[in-house]
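The chain contents come next:
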Amino acid sequence: MIPRRLALVAGLAVAVAAVAWVVVNSKRTPHYDAAARAAWQEVERQFRARAGMVPEVIAVVEAVDPTQTALVEQLSTTRAAVLALPPQPDAPTDPARFRAFMETQDELSRALGKVMDLMNIYSDRRSNPEIRRVLAALETQENRIVVARSDFVRLARAYNLSISSIPGRWLTRAFLGQQPLMVESFEVPSSG
């Protein structure tokens, strides 16, 4: 009689542990989803902050080499394109939107890269305190973008794992329906 009772208790303990495991894991997906989306908002905010710095960068370009009208125009145009982007909360789960967002950001990155090339040509002008301040602020902003992107990628991976592994996949489908994976890399191949 004791072995039967022991088997019943052991079975009950396993069932309780399984239910507890499912309950604990059921809370992961919404948490990771919210965290990844908040990280995405931070990515957008940091890119916008970089675009907000462009007028100061333009002033540096004009001070260093006033003949760089094409670069100034490129900076102005790409800044306007970045600032015209509405918030893209669905971009992490929509590869086409994500790609379009990043293509706009990459255009500004290329223009800012040309500014850095110009500064390498006129390295003697970097000693100007105002130019040094603007370039340091730009470098700080670029570092913030790197951190924000890294945080998003880490959280998107955790979210994707939570909805694609068992029991998360079952729980997500049961309670939320089929959920799209998030983009996990900023190295999205271009279309076409």
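Everything that follows concerns the structure shown earlier in this document.
What you see is a predicted model; the values in this text were computed from it and never measured.

1. What about the overall build of the chain?
Scanning the chain from terminus to terminus reveals seven helices and zero strands. For the chain, the N- to C-terminal ordering of α and β elements is α-α-α-α-α-α-α. Residues counted as buried form 33% of the 192 residues belonging to the chain. Total accessible area on the chain stands at roughly 11,400 Å², and carbon and sulfur atoms take up 61% of it.

2. Some thoughts on the pattern of salt bridges
Taken as a whole and judged by the stated rule, the model has 10 salt bridges. Between Arg 50 and Glu 142 there is a salt bridge whose closest N-O contact spans 3.1 Å. With a gap of 92 residues between them, Arg 50 in helix α2 (residues 28-52) and Glu 142 in helix α6 (residues 129-164) connect regions that are remote in the sequence. Residue classification places Glu 142 among the partly exposed residues on the basis of a relative accessible area of 27%. Salt bridges linked by common partners bring Glu 56, Glu 130 and Arg 133 together as one network.

3. Considerations on the packing of aromatic side chains
As enumerated under the stated definition, the model contains seven aromatic pairs in all. An angle of 75° between the planes, with centres 5.8 Å apart, marks the rings of Phe 47 and Phe 101 as edge-to-face. Of the two residues, Phe 47 sits in helix α2 while Phe 101 sits in helix α5 (residues 95-121), which places them 54 residues apart along the sequence. Each ring, one from Phe 152 and one from Phe 186, has its centre 6.0 Å from the other, and the planes form 75°; the classification is edge-to-face. Of this pair, Phe 152 sits in helix α6 while Phe 186 sits in the segment after α7 (168-176), placing them 34 residues apart in sequence. Neither Phe 152 nor Phe 186 differs from the other in exposure class; each is buried.

4. Thoughts on the nonpolar core
Of all hydrophobic cores here, the largest spans 22 residues; its most connected members are Val 57, Val 61, Leu 75, Leu 108, Val 115 and Met 119. If we skip the residues at most four places from it in the chain, Leu 108 touches Arg 50, Ala 51, Val 54, Leu 75, Thr 78, Arg 79 and Val 82. Ranked by size, the runner-up nonpolar core spans 21 residues in total, among them Trp 40, Phe 152, Leu 155 and Met 182.

5. Considering the environment of Phe 152
For Phe 152, a relative accessible area of 0% corresponds to the buried category. When the C-alpha atoms of Phe 152 and Val 43 are compared, they prove to be 7.5 Å apart, with 109 residues separating the residues in sequence. Among all residues touching Phe 152, those that are not within four sequence positions of it are Ala 36, Ala 39, Trp 40, Val 43, Pro 92, Met 182, Val 183 and Phe 186.

6. Topic: the packing of helix α3 (residues 54-64) against α5
Geometry of a packed helix pair, given as the angle between the helix axes and the separation of the axes. Relative to each other, α3 and α5 sit at 35°, their axes nearing to 11 Å. Once α3 is placed against α5, the crossing between them reads as left-handed. Each of Val 54, Val 57, Val 60, Val 61 and Val 64 in α3 lies in contact with α5, whose residues at this interface are Leu 108, Leu 112, Val 115, Leu 118 and Met 119. A per-class count over the contact of α3 with α5 returns 10 nonpolar, no polar and no charged.

7. Thoughts on α3
Here α3 has its buried residues at Val 54, Val 57, Ile 58, Val 60, Val 61 and Val 64. End-on view of α3: buried residues confined to an arc of 160°, all on one side of the axis. Packed against the buried residues of α3 are α2, α4 (69-84), α5 and α6.

8. Remarks on the side chain of Gln 46
You can see Gln 46 is positioned in helix α2. For Gln 46, a relative accessible area of 6% corresponds to the buried category. A polar contact of 2.6 Å, which involves the side chain of Gln 46, links it to the side chain of Gln 141. Setting aside anything within four residues of it in sequence, one finds Gln 46 in contact with Gln 141, Arg 144, Ile 145 and Ala 148.

Calculation criteria
Residues numbered from 1 in each chain as written. Predicted model: local features only at pLDDT ≥ 70, side-chain atom pairs only at ≥ 80, totals over all residues. Heavy atoms only, no water. Helix = DSSP H or I, 4+ residues; strand = E, 2+ residues; numbered from the N terminus. Buried < 20%, exposed > 50% of the residue type's maximum accessible area, 1.4 Å probe, protein only. Areas by Shrake-Rupley, 256 points an atom, 1.4 Å probe, with all protein chains shown as cover. Salt bridge = Lys/Arg side-chain N within 4 Å of Asp/Glu carboxyl O. Phe/Tyr/Trp six-rings, centres within 6.5 Å; stacked < 30°, edge-to-face > 60°. Core = buried A, V, L, I, M, F, W, Y, C linked by side-chain atoms within 4.5 Å. Contact = heavy atoms within 4.5 Å. Axes fitted to C-alpha atoms, helices over the stretch in contact; angles between N-to-C directions. Left-handed = near helix turned anticlockwise from the far one by under 90°. Nonpolar A, V, L, I, M, F, W, Y, C, P; charged D, E, K, R; others polar. Arc of directions from axis to C-beta. Polar contact = N/O pair within 3.5 Å; in protein donor to acceptor, adjacent residues only side chain to side chain.

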